[in-house]
Amino acid sequence: MIGDLTERDCAILALETVWPRHSGAKEEAIRAQLGMSAARYYQLLGRLIESDAALEFDPMLIRRLRRLRDARVVRRSARTPGFVG
């Protein structure tokens, strides 16, 4: 355990650091390297993005992931009919 991060948390962040975005083989790597489904991986990654411990562990990665997440939220809300925000 590093700080408040578990070995699994660090492995998730390490995979996210080295893996190119939007690659179909990423789901296979998640299963092979971490032994979990892609859905579970992204659930845990979403929690890690909000974690102060993860921010301390890899500030550049976490800030980049937060920016990407925030941009997706904005794009989704712009496509939602009737959304005022």
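What counts, and at which threshold
Residues numbered from 1 in each chain as written. Predicted model: local features only at pLDDT ≥ 70, side-chain atom pairs only at ≥ 80, totals over all residues. Heavy atoms only, no water. Helix = DSSP H or I, 4+ residues; strand = E, 2+ residues; numbered from the N terminus. Buried < 20%, exposed > 50% of the residue type's maximum accessible area, 1.4 Å probe, protein only. Contact = heavy atoms within 4.5 Å. Areas by Shrake-Rupley, 256 points an atom, 1.4 Å probe, with all protein chains shown as cover. Arc of directions from axis to C-beta. Salt bridge = Lys/Arg side-chain N within 4 Å of Asp/Glu carboxyl O.

### Section: the overall build of the chain
Along the backbone of the chain there are five helices and zero strands. Ordered by position from N to C terminus, the α and β elements of the chain give α-α-α-α-α. Burial statistics for the chain: of 85 residues in total, 29% are counted as buried. Contacts spanning at least 24 positions in sequence make up 46% of the contacts within the chain whose residues lie at least 6 apart. By element, 55% of the accessible surface of the chain is carried by carbon and sulfur atoms, the whole surface being about 6000 Å².

### Remarks on helix α2 (residues 26-34)
Restricting attention to buried positions, one finds in α2 the residues Lys26, Ala29, Ile30 and Leu34. Seen from one end, α2 has its buried residues packed into an arc of 105°, which puts them on one side. Looking at α2, the residues exposed on the side facing more than 90 degrees away from the buried face are Glu27, Glu28, Arg31 and Ala32. The elements touched by buried residues of α2 are α1 (7-18) and α3 (38-49). Immediately beyond the C-terminal end of α2, within one or two residues, lies Gly35, with a positive phi of roughly 65°.

### Points about the environment of Cys10
Along the chain, the position of Cys10 falls in helix α1. A sequence separation of 44 residues divides Cys10 from Ala54, and the C-alpha atoms of the two residues are 8.4 Å apart.

### Overview of the pattern of salt bridges
Per the counting criterion, the structure on display carries three salt bridges. Taken together, the salt bridges that share partners define one network made up of Glu50, Arg69 and Asp70.

Worth remembering: the numbers are spatial, not functional.
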